[in-house]
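Structural features, examined
For reference, the chains in residue letters:
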Amino acid sequence: MTVDSTAAARTPRKRTAAKKSAKKSAGAGAPDLVQLLSPEGVRVENAEHAEYAAFVEDITAEELRGLYRDMVLTRRFDAEATSLQRQGELGLWASLLGQEAAQIGSGRATRHDDYVFPTYREHGVAWCRGVDPTNLLGMFRGVNNGGWDPNSNNFHLYTIVIGSQTLHATGYAMGVAKDGADSAVVAYFGDGASSQGDVAESFTFSAVYNAPVVFFCQNNQWAISEPTEKQTRVPLYQRAQGYGFPGVRVDGNDVLACLAVTKWALERARRGEGPTLVEAFTYRMGAHTTSDDPTKYRADEEREAWEAKDPILRLRTYLESETDTDEGFFAELEAESEALGLRVREAVRAMPDPDRMAIFENAYADGHSLVDEERAQFAAYQASFADAEGGN
């Protein structure tokens, strides 16, 4: 399996053509977003974005390679988890394919003492926070309810209920402010969650109490099968205006821009200037989860257009044209990537099979007749498979 996707391994575009395209994208009619690295892998100079660019002005080639490595390994882990689900080793998987830059850029912007509240797709952020990838898989295999101690990495357990983690993040941030700490909180959610009442309540409380929280919305264009235009009449980042705090739209496939804008928002929070909404404008290249079929509701042409904006290819092009990064780096990363895939595969297959009856054990403390009836029905259903196999 290829490390950095077929897209990332393509031959870089010619420099002159890339410059022309970058200039064109910065002109009239360009998307209203912060972009520091164009889809062609060219640094974008924009005076309006200088405030954000200052946060990555001194970034080194080594740090850029580190961001590239993060994205490649995160994509490799994600691909392995998807394969494992297809092979029956996981019950479900939510892929982040295409959203690596948004997650790695924002994740690397956080400090160790910041606290992160994810959804169920923040595998790249988990990587940045030091959570071992294999610990993410137990819940999707059905053998645990999380897999890591949130306080060890200041990274909360995955939240399945859509949007509820924004309330948790807001409350935690209010506590941070009362404690007088200078740390900040990041709440991740998607464009679909932005329609939830929990998110609206979070915006209200964080604004009124000036909570040090960054709301990081990964707008991947589709809330399962519902496009963004069916959820809002304005760009999502503009919703912050109604609550009295700033909103910024950033190119979610530009790891430099995501890093810079998130650092800027976190510094605001630490200075006591309250919340910020960051909308990372990106695209979900795969299915919503492995139980979804995106071909039922979106066109192949749409995905192909976004493949040209691949976040890994974008940074690789820049590394090859503007730094001293040689082929040896990419070859070593390929080997590291394959080793990670093997480790993940072996770890999952070493996990126990889930206890199918455990779901009934903690529904009520003292038992319940309806649960007893459902348990018996499910047990009979499971036994029917054994009877069928025995009959063969």
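So, here is what we can say about the structure in this document. These numbers were taken from a predicted model, which means no experiment stands behind them. (Residues numbered from 1 in each chain as written. Predicted model: local features only at pLDDT ≥ 70, side-chain atom pairs only at ≥ 80, totals over all residues. Heavy atoms only, no water.)

**A word on the overall build of the chain**
Here is the rule: Think of it this way: any DSSP run of H or I at least four residues long counts as a helix, any run of E at least two long counts as a strand, and we number them from the N terminus. Only the C-alpha atoms count toward the radius of gyration. The rule for a globule is 2.2 Å times the residue count to the power 0.38. Burial classes follow relative accessibility: with a 1.4 Å probe on protein chains only, a residue under 20% of its type's maximum area counts as buried, one over 50% as exposed, and anything between as partly exposed. Two residues form a contact once any of their heavy atoms are found within 4.5 Å. Surface exposure here means Shrake-Rupley accessible area, sampled with a 1.4 Å probe, where a residue is shielded only by the protein chains that are shown. His residues and chain termini do not enter the charge count, which takes Lys and Arg as positive and Asp and Glu as negative. Note on charges: their place is set at NZ of Lys, CZ of Arg, CG of Asp or CD of Glu.
Secondary structure summary: the chain contains 15 helices and 7 strands in total. In summary, the chain has a C-alpha radius of gyration of 22 Å against a globular reference of 21 Å for 392 residues, a match within 12%. Judged by the C-alpha coordinates and their principal axes, the chain covers about 70 × 50 × 40 Å. In the chain, which comprises 392 residues, the proportion classed as buried is 50%. The long-range fraction of contacts in the chain, counting pairs at least 24 apart against all pairs at least 6 apart in sequence, stands at 75%. As displayed, the chain has an accessible area near 18100 Å², and 50% of this comes from carbon and sulfur atoms. Side chains of the chain carry 40 positive and 59 negative charges; the gap between the two charge centres is 6 Å.

**Some words on the nonpolar core**
Worth spelling out the cut-off: Side-chain atoms within 4.5 Å are what join buried Ala, Val, Leu, Ile, Met, Phe, Trp, Tyr and Cys residues into a set we call a nonpolar core.
Of all hydrophobic cores here, the largest spans 66 residues; its most connected members are Leu67, Tyr68, Leu137 and Leu315. Counting 20 residues, the second-largest nonpolar core is a separate cluster that includes Phe189, Cys217, Leu236 and Ala240.

**Focus on helix H4 (residues 61-86)**
Stated formally: A helix is expected to span 1.5 Å for every residue after the first.
Along its 26 residues, H4 runs 38 Å from first to last C-alpha, staying within 8% of the 38 Å computed at 1.5 Å per residue. Trailing H4 by a residue or two, Gly88 shows a phi angle of about 90°, which is positive.

**Describing the packing of aromatic side chains**
The cut-off we apply is this: Note on aromatic pairs: the rings of Phe, Tyr and Trp (six-membered ring only in Trp) are paired at centre separations within 6.5 Å, and the planes decide the class, stacked below 30 degrees, edge-to-face beyond 60, tilted for the rest. Both a distance and an angle decide whether a charge sits over a ring: NZ of Lys or CZ of Arg must be within 6 Å of the ring centre and within 35 degrees of the ring normal.
Scanning the model with the defined rule gives 27 aromatic pairs in all. Where Trp148 meets Phe155, the ring centres are 5.8 Å apart and the plane angle is 35°; that geometry is what we call tilted. Pair check on accessibility: Trp148 and Phe155 agree, each one buried. Among the aromatic side chains, those forming a connected cluster through ring pairs are Phe77, Trp93, Phe140, Trp148, Phe155 and Tyr158. For Arg268, the ring lying beneath its charged end belongs to Trp264, and the centroid distance is 5.9 Å.

**With respect to the pattern of salt bridges**
Here is the rule we go by: We define a salt bridge as a side-chain nitrogen of Lys or Arg found within 4 Å of a carboxyl oxygen belonging to Asp or Glu.
In this structure the tally under the stated criterion is 27 salt bridges. As a salt-bridge pair, Glu100 and Arg75 come within 2.9 Å of each other at their nearest N and O atoms. Within this pair, whereas Glu100 is found in helix H5 (residues 100-109), its partner Arg75 is found in helix H4, the two being separated by 25 residues in sequence. Since its relative accessible area comes to 5%, Arg75 is described here as buried. Asp251 is paired through a salt bridge with Arg314; the nearest N and O atoms lie 2.9 Å apart.

**Structural notes on the environment of Arg43**
Here Arg43 lies in the loop between helix H2 (15-25) and helix H3 (50-53). Assessed through its relative accessible area of 26%, Arg43 is described here as partly exposed. Separated by 169 residues in sequence, Arg43 and Pro212 have C-alpha atoms that sit 31 Å apart. Apart from residues lying up to four places away in sequence, Arg43 is in contact with Leu36, Leu37, Val56, Leu256 and Tyr318.

**Focus on the side chain of Thr282**
Counted only if it meets this: Throughout this description, a polar contact denotes any pair of N or O atoms lying within 3.5 Å of each other; where both atoms belong to protein, one of them has to be capable of donating a hydrogen while the other can accept it, and for residues adjacent in sequence the pair is counted only when both atoms sit in side chains.
As for its position among the elements, Thr282 is in the loop between strand S7 (276-281) and helix H12 (300-307). A distance of 3.2 Å separates the side chain of Thr282 from the backbone oxygen of Gly98, its partner in a polar contact. Discounting chain neighbours no more than four positions away, the residues touching Thr282 are Gly98, Gln99, Asn219, Asn220, Gln221, Gly252, Asn253 and Trp306.

**Quick notes on empty space enclosed by the protein**
Our working rule: Definitions used for this entry: grid spacing 1 Å over protein atoms alone; cavity, a set of points where a 1.4 Å probe fits but cannot get out; pocket, an open set with protein on both sides within 12 Å along at least 5 of 7 lines; lining residue, one with an atom within 4 Å of a point. Grid points are joined across faces, edges and corners, and a volume is the space filled by probe spheres set on the points. For this scheme, ten residues count as nonpolar: Ala, Val, Leu, Ile, Met, Phe, Trp, Tyr, Cys and Pro. Four count as charged, namely Asp, Glu, Lys and Arg, and the remainder, Gly too, count as polar.
The tally for this structure, following the rule as stated, stands at 1 cavity of 30 Å³ or more. By volume, the largest cavity amounts to about 40 Å³. Partitioning the lining of the largest cavity into residue classes produces 6 nonpolar, 1 polar and 1 charged.

**Focus: the sheet that holds strand S3 (residues 213-219)**
Counted only if it meets this: A strand pair is defined by DSSP finding two or more bridges across the two strands. Angles shown run from 0 to 180 degrees and are taken between the N-to-C directions of axes, each axis being a line fitted to C-alpha atoms and, for helices, limited to the stretch in contact.
Sheet architecture is open: 5 strands sit in the order S1-S2-S3-S7-S6, paired in parallel fashion. A single partner strand is all that each edge strand has here, and the edge strands are strand S1 (115-117) and strand S6 (247-251). In this sheet, neighbouring strand axes are inclined to one another by 20° on average, regardless of whether the strands run parallel or antiparallel.

**Focus: the pairing of strand S2 (residues 185-190)**
Just so we agree on the cut-off: A crossover counts as right-handed when, viewed with the strands pointing away from the observer, the path leading from the first strand over the helix to the second turns clockwise.
With respect to burial, S2 is a largely interior element, 5 of its 6 residues being buried. Pairing geometry for S2 and S3, over 6 bridges, is parallel. Residue pairing in the sheet places Val186 in a bridge with Val214 of S3. Once you follow S2 into helix H10 (residues 197-208) and on to S3, the crossover reads as right-handed.

**Overview of the pairing of S6**
Counting buried residues along S6, 4 of its 5 residues qualify, which places the element largely inside the surrounding structure. As defined by bridge partners, S6 adjoins S7 across 5 bridges and the pair is classed as parallel. Within the sheet, the bridge partner assigned to Gly247 lies in S7 and is Leu277. Taken together, S6, helix H11 (residues 255-270) and S7 form a β-α-β motif whose crossover is right-handed.

**What about a nonpolar patch on the surface?**
How we decide: Put simply, a patch holds well-exposed residues, over 30% relative accessible area, that have no salt bridge, with like charges counted together within 9 Å and Val, Leu, Ile, Met, Phe, Trp or Tyr side chains within 5 Å.
Taken together, the side chains of Phe205, Val208 and Tyr209 present a nonpolar region at the surface, about 340 Å² in accessible area. Counting through the fold element by element, Phe205 comes out in helix H10. Residue classification places Phe205 among the partly exposed residues on the basis of a relative accessible area of 43%.

All quantities given are derived from atomic positions and should not be read as evidence of function.
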